[in-house]
Structure formats: C-alpha cells, structure tokens
Amino acid sequence: MSSSALPGFRDFYPDELARRTHVFRAWRAVAHKYAFVEYDGPPLEPLDLYTKKSGDEIVGQLYAFTDKGGREVSLRPEMTPTFARMVGAKASALRKPVRWFAIPQLFRYERAQRGRLREHFQLNVDIVGEASEVADAELLAVAVDIMRELGLTHEDVRARVSDRRMLNGVLETLGVTEAQRGAVYAVVDKIARQPREVSVEKLAAAGLSTALVERVLGLASGTSFADLRREFGEAPAAREAIARFARYLEHCDALGIGAWVTLDLSIVRGLAYYTGIVFELFDAKGELRAICGGGRYDDLLKAIGGADLPSLGFGMGDVVLGELLTERKLWPDFTADAIDFHLVAGNGAIARPYADALKLATALRGAGFSVAHGLNEERYKSQATRNQVDGAKKAGASAVVYFREDGAVEAMSLLGKMTGAATHAVDAGAALSGDAPTMQDLRRWLHEQRSR
RNA sequence: GUGGCUGUAGCUCAGUCGGUUAGAGCAUCGGAUUGUGGUUCCGAGGGUCGCGGGUUCGAAUCCCGUCAGCCACCCCA
C-alpha cells in the first residue's frame, strides 16, 4: 500500500477541497457574469491530438501511454486542442461569437516544483469568431474580475499586456530582420529571468549590432505605451498595430480594468501559437509564477479544427492562484457557519429519550436545515454539556439546540460573545412534527443571528 | 533529464562528542462529581527518526545508495 499520492498529485482533504471549491465558484460566477457557458471534454485523448500541433519532442512532457487496445493516448496537458476540435466540428452551426469556458484537470509528466505540479485545474475561457480588439479587452476583464471576486486588488496583481504584431512592427522599424526575429523573441521572453549579459550575448550571436542590442533590451524592459507611441506611432510598419493597441487600452479603461494593465513588450507567451494581443497576470511582488496567461490565436483553429475563425482565450491555474491567496490571507473561514444546528443534551435531556433528539434532527433536516448531533447515545447522555457545546462550535455550528427542562426546544446562538448568548424557544411538539410556521420562525431567528 | 539543499509525531521543531526506554509546543481524543460555549487543569493516543545497506560493542547522529520535497536549469501548452 502506498502511503502518499503520486509525486506531483494532490490529495484534497476537506479544508483543501473547500479552497478549491471556493476558487471554482469564483471562476464560474465571473464567467457567467460575462455570459460564458461551460463545456467539458475527455480527460484522455489520442496522443496525436497534441503531437500534431507541437511535434514529437512534446511527448516527453506528456502523461502518455499505450492503452490496452494498443492506442497511443495521453492525459490532456491543455484544453485548447479539445476545444478547437469541438468548435471545429460544429463551427458552422454555432452562433458567433462562441463564448465558452471549462475547468479541466490537466496533466503533464515533468518534475514537480512549487506552483508546478503534474496535475492541476485550469480555468479556460475562450472567444471564437470575433477579430475586434474589444474581444481582447473583454477577455482580460474576465480574468481581472476573477481577481476582484477573490478579494485581490491591483495592488496585488498586475496584468501585463503586449501585442506580437506591435512588437514585430517595432523590431522591423528598428531594422531587425525577419530571420533574426525568432532569436529576439526568445531573448525578450526571458529578459527578466536571465542575466543581462546572457541576453546581450544571445542577441549579438543573432547578428544584432551593439547599438541595436541596447535598443531592443531597453524597449523590452519597461517602456510605457506613451513612449512607444511617440516613437513608433508613425512608423509604417508599426502604425496600425499601435493604433489598435491604443483602442484596446481604451476599451480596457471602459471595462473598468485600466488600473490593472501595464504594457510589457517582454510578454511573448512562449513561442507558441499566439498571433496578436497577449497578456499575463502576475502577483505584484513578482515572487510567484504567472497566475494566468492568454491571448489571441487566430490561426490555431484552422490548424487543428479546420474552421478558419479568429479566436482568443486564456488559462488560469488553481495552484499559483491558491498560493497567492494563501500569502494574502484571503481564504474565508470555511468551517464557520458550515452547520446550522448542533443538537446537544441540555437541561432536561435525561427526561427525553435519545430518539427524540434524532426525531428533532430529522424534523429540522426536513425543513432544510443542516443538522449535526452526537452519534453515540452514551456520550450524548454522559458528556458535560459544555463539552458538547464546545465541540459544536468547533465543528462550525451556528447554534446548538436542546430540550429545555420545561419541554420546550431552545436554540442558543454560538455566534458572537459567549456571555449572554441569544436564545430562542419554540414548542417541542411543533418542532418535532416539523410544523412549518415553527420552522420558519427558527429560520428567521438564525438568519437574524448571522446578520448581526 | 541535470545540479544544489533538506528529510525526526498530523503540523512547527528540539535531540549535546555516536550511548541504552527519541522529546516539546500546537492539533486530536478522553476527563475535571448532570453539567451551558473559545480561558484553565489532568490524562491518553500518535514514531520502522523517509527507505535500504554499511561502519561500530552501540547509529536519529558517521558513510554509501535510493526515494521524496524544495530551489535553480530545461520546458512552459
């Protein structure tokens, strides 16, 4: 028997699952707010769905194997190929723009480290069929609004945005040849992660003059959009992309996310399939990996799904996001108010058979309350009430319920101060029979206690 | 896949120069004379010292291997 999960895989204990659910809830709530609908696909796919796009060398990073029928298969490392296939298959029938999201569990076979496991959940939000940069702004707004939903502010998280077409135009204007561009992208992409000398060396090796090297490195590290526009706004190769980017930023402002957004030309997003505006969300301190990344990939659907439609999307993983929420202490207290009532043996309980406690629990549950009680009759009768009440509080009950000496059923709030706790008594017979007005009365009282 | 660092209770960590039955705090569970909540007091459970081998009269401690975690590469869909 194995004593722990496989490396890079997680067991979700209840408090951990509560955190995961909390994140999922935020994802779904915001996605719905922006009128996206949820879809899903298979976690296991034919291997060639991934090798077709990225080549065979990717296999080393895939959780791939041969199944019992001799098929080459892989656990899905990303959602986009599945998405592209699904959209491609029904492209002509789908109303455009398509606004879909999914929360797949994704897998990759590589060494696990902080923020990077072999398994994670990733929100995928995609728009298909809209080429306008309004769609790009809307997509970023979804990502940013999720940060807000989870309690993060633009002091905590920054959205860095760029546009490949714009970077391309600027490089062309500067005289970087098309042949050199791939190498320049690679350097620009990791400009913050590798020593400056290494970047200089690599650019020089690509054939850039010393002056050009300095120019490129300067632009990629912290140029504001205002400066960029002033310098290249009229350059024929860059003019159109810069004007588009300016409109994009205006849309971002209008959507209320302007304060989160910064131009960062070093955002290249790998060297993969992105064709236009790209973005990443980072924690403001820059201590963690990217929280979220995405952008426009206008040619991908044609390559994979067959439909020639402009598309854009992003992925947001649960791991780094969770680390950030932990760091900022933004997890709610999940145990608080998890249970409505906890039955305890109060005064007069001995005169009442244990079965009455179970009947009361049943009646309360029938009325929709969440009810806990001791499962051991002996202990219910023998354990000091204060210990039972203490246990109820620790279990997250909002109130305890017990039979009073005079036969009434009394609820005592566990919320607020321990001295002078609010109590509320109802007729025992009515409570045990599940009398609707009595239950409504209790519901109103509980609601009152919680909103104090 | 490569390199560095670290592995003692569920968690955070002590553990002397190698010495006999490995400890503490927190957490968990039980109790403090039929009692009404977070404090306090008493008690209990919980360990193959990551695993395997070696050196030694004797190993948590020293050596080798291995596995896992963290960090940096690689990669980032």
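Sequence order sets the numbering: in each chain, residues are counted from 1 along the sequence as written. Key to labels: chains lettered from A, ligands numbered from 1, both in the order written. Local features in this predicted model are restricted to residues of pLDDT 70 or higher, and side-chain atom pairs are both shown and tallied only at a pLDDT of 80 or more, whereas totals for entire chains, interfaces and linings draw on every residue. As a rule here, side-chain values come from all non-hydrogen atoms in the structure, and water together with hydrogens is ignored.

## Concerning the overall build of chain A
Here's step 1: Counting secondary structure elements, chain A contains 17 helices and 17 strands.
Here's step 2: The quantity called the radius of gyration is restricted to C-alpha atoms. Its globule counterpart is 2.2 Å times the number of residues to the power 0.38. Since a compact globule built from 452 residues should have a radius of gyration of about 22 Å, the 29 Å found for chain A marks it as more spread out than a globular shape.
Here's step 3: With respect to the three principal axes, the spread of C-alpha positions in chain A is 95 × 55 × 45 Å.
Here's step 4: Put simply, chain A has 452 residues, and 48% of those count as buried.
Here's step 5: Residue pairs in contact within chain A that sit at least 24 positions apart in sequence constitute 69% of those at least 6 positions apart. A run of H or I in DSSP becomes a helix once it reaches four residues, and a run of E becomes a strand once it reaches two; helices and strands are each numbered from the N terminus. Relative accessible area decides the class of each residue, using a 1.4 Å probe on protein chains only: under 20% of the type maximum gives buried, over 50% gives exposed, and in between gives partly exposed. The contact criterion used throughout is that any non-hydrogen atoms of two residues lie within 4.5 Å.

## As for the sheet that holds strand β15 (residues 397-403)
Here's step 1: Strand pairing is assigned whenever DSSP identifies at least 2 bridges connecting the two strands. An order of β14-β13-β15-β16-β17 is seen for the five strands of this open sheet, with the pairing classed as mixed. Among the strands making up the open sheet, the edge pair consists of β14 (371-373) and β17 (423-426). Taking the axes of each pair of neighbouring strands and ignoring which way they run, one obtains an average angle of 25 degrees across the sheet.
Here's step 2: Relative to β14, strand β13 (residues 339-343) is paired through three bridges, and the arrangement is parallel. Axis geometry follows a simple rule: fit a line to the C-alpha atoms, using only the stretch in contact for helices, then measure angles between N-to-C directions, giving values from 0 to 180 degrees.

## Regarding the packing of helix α1 (residues 14-33) against helix α4 (residues 133-149)
Helix-helix packing is described using two parameters, namely the angle between the two axes and the distance between the axes.
Here's step 1: Two numbers describe how α1 lies on α4: the axes approach to 9 Å, and their chain directions differ by 135 degrees. Comparing their axes, α4 and α1 come out oblique. α4 is crossed by α1, and the crossing has right-handed handedness. Touching Ala 26, Trp 27, Ala 29, Val 30 and Lys 33 of α1 are Val 142, Asp 145, Ile 146 and Glu 149, all from α4.
Here's step 2: Each residue receives one of three labels: charged for Asp, Glu, Lys and Arg, nonpolar for Ala, Val, Leu, Ile, Met, Phe, Trp, Tyr, Cys and Pro, and polar for the others, Gly being one of them. For the contact of α1 with α4, the per-class residue count stands at six nonpolar, no polar and three charged. Convention used here: angles under 35 degrees read as roughly parallel, angles over 145 as roughly antiparallel, angles from 65 to 115 as roughly perpendicular, and any remaining angle as oblique. If you view the pair so one helix is near and one far, a crossing is left-handed when the near helix is turned anticlockwise from the far one by less than a right angle, and right-handed when it is turned clockwise.

## Topic: the nonpolar core
Here's step 1: By nonpolar core is meant a set of buried Ala, Val, Leu, Ile, Met, Phe, Trp, Tyr and Cys residues that side-chain atoms within 4.5 Å join together. Counting residues in hydrophobic clusters, the biggest one holds 77 residues, and the most contacted among them are Leu 140, Met 147, Leu 281, Ile 291, Phe 314, Met 316 and Leu 321.
Here's step 2: Per element, the largest residue contribution to this core is 10 residues, and it comes from α4.
Here's step 3: Setting aside its immediate chain neighbours within four residues, Leu 140 contacts Ala 159, Val 161, Tyr 248, Cys 252, Ile 257, Val 261, Phe 279 and Leu 281.
Here's step 4: One finds Val 87, Ala 91, Val 98 and Ile 304 within the second-largest nonpolar core, a separate group that totals 22 residues.

## What to know about the pattern of salt bridges
Here's step 1: We count a salt bridge whenever a side-chain nitrogen from Lys or Arg sits within 4 Å of a carboxyl oxygen from Asp or Glu. What the rule picks out here adds up to 31 salt bridges.
Here's step 2: Note that Arg 76 is salt-bridged to Asp 40, the shortest N-O span being 3.4 Å. With a gap of 36 residues between them, Arg 76 in the loop between β4 (72-75) and α3 (80-89) and Asp 40 in the loop between β1 (37-38) and β2 (44-46) connect regions that are remote in the sequence.
Here's step 3: What makes Arg 76 buried here is its relative accessible area of 5%.
Here's step 4: Taking the relative accessible area as the measure of exposure, Asp 40 reaches 47% and is therefore partly exposed.
Here's step 5: Put simply, Asp 298 and Arg 296 hold a salt bridge, and the shortest N to O gap is 3.0 Å.

## Regarding unusual backbone geometry
Here's step 1: The peptide bond linking Lys 96 to Pro 97 adopts the cis configuration, its omega dihedral lying at -5 degrees.
Here's step 2: By the secondary structure assignment, Pro 97 is in the loop between α3 and β5 (98-102).
Here's step 3: In this model, Ala 35 sits at a positive phi of 65 degrees, which is unusual for a non-glycine residue.
Here's step 4: Here Ala 35 shows up in the loop between α1 and β1.
Here's step 5: In this model, Lys 329 sits at a positive phi of 55 degrees, which is unusual for a non-glycine residue.
Here's step 6: One can find Lys 329 in the loop between α12 (318-327) and β13.

## Quick word on the protein's contact with RNA strand B
Here's step 1: Around RNA strand B, 39 residues are found, and the nearest of them are Glu 78, Arg 193, Ser 382, Leu 414 and Ala 421.
Here's step 2: In this text, near means that some heavy atom of the residue lies within 4 Å of the molecule or strand in question. Backbone atoms, meaning sugar plus phosphate, form 44% of the atoms of RNA strand B positioned within 4 Å of the protein.
Here's step 3: We define a polar contact as two N or O atoms separated by no more than 3.5 Å, with the added condition that, inside protein, one atom must be a possible hydrogen donor and the other a possible acceptor, whereas residues neighbouring each other in sequence contribute only through side-chain atom pairs. At 2.6 Å, a side-chain N or O of Glu 78 approaches a sugar or linking oxygen of RNA strand B.
Here's step 4: One nitrogen or oxygen atom from the side chain of Gln 383 is found 3.4 Å from a phosphate oxygen belonging to RNA strand B.
Here's step 5: Of all the secondary-structure elements, those providing two or more residues to the surface near RNA strand B are α14 (377-382), α15 (385-394) and β16 (409-413).
Here's step 6: The leading source of residues in the surface near RNA strand B is α15, at five residues.
Here's step 7: For the surface near RNA strand B, the class distribution of residues is 14 nonpolar, 10 polar and 15 charged.

## So, the sheet that holds strand β3 (residues 64-66)
By way of backbone hydrogen bonds, the strands of a sheet pair with one another, either parallel or antiparallel.
Here's step 1: Taken in spatial order, the three strands line up as β2-β4-β3 in an open sheet, and their pairing is antiparallel. Where the open sheet ends on each side, the last strands, each with one partner, are β2 and β3. Across the sheet, the axes of successive neighbouring strands diverge by a mean angle of 35 degrees, strand direction being ignored.
Here's step 2: Two elements, β2 and β4, share three bridges in a ladder whose sense is antiparallel. Within the sheet, the bridge partner assigned to Glu 45 lies in β4 and is Ser 74.

## Quick look at the confidence of the model for chain A
The predicted coordinates ought not to be read in detail in places where the model reports low pLDDT.
Here's step 1: The pLDDT score gives, residue by residue, the confidence of the prediction method on a 0 to 100 scale. Here chain A shows a mean pLDDT of 89. Residues at 70 or above account for 96%.
Here's step 2: Here the complex is predicted with pTM 0.91, and the ipTM for its interfaces comes to 0.84.

## Let's talk about the side chain of Ser 266
Here's step 1: Relative to the elements of secondary structure, Ser 266 occurs in the loop between β9 (261-263) and β10 (277-283).
Here's step 2: Residue class for Ser 266 comes out buried when judged on its relative accessible area of 9%.
Here's step 3: There is a polar contact of 2.7 Å between the side chain of Ser 266 and the side chain of Asp 264.
Here's step 4: Beyond its immediate sequence surroundings of up to four residues, Ser 266 is in contact with Val 188, Asp 189, Ile 191 and Ala 220.

## So, the packing of aromatic side chains
Here's step 1: Centre distance within 6.5 Å is the pairing criterion for rings of Phe, Tyr and Trp, where only the six-membered ring of Trp is used; planes under 30 degrees apart are then read as stacked, over 60 as edge-to-face, and the remainder as tilted. The full count for this structure, using the stated rule, is 14 aromatic pairs.
Here's step 2: Measuring from ring centre to ring centre gives 5.5 Å for Tyr 39 and Phe 83, while their planes differ by 45 degrees; the resulting arrangement is tilted. Residue Tyr 39 is found in the loop between β1 and β2, and its partner Phe 83 is found in helix α3; the two are separated by 44 residues along the sequence. As far as burial versus exposure is concerned, Tyr 39 and Phe 83 are alike and both buried.
Here's step 3: Judged by centre distance (5.0 Å) and plane angle (65 degrees), the rings of Phe 341 and Phe 369 are edge-to-face. Of the two residues, Phe 341 is situated in strand β13 and Phe 369 in the loop between α13 (354-366) and β14; the sequence distance between them amounts to 28 residues. Here Phe 341 matches Phe 369 in class, with each residue buried.
Here's step 4: By way of ring pairs, the aromatic residues Phe 9, Tyr 63, Phe 107 and Tyr 109 are connected into one cluster.
Here's step 5: Both a distance and an angle decide whether a charge sits over a ring: NZ of Lys or CZ of Arg must be within 6 Å of the ring centre and within 35 degrees of the ring normal. Above the ring of Trp 331, the side-chain terminus of Arg 19 is found at 5.8 Å from the ring centroid.

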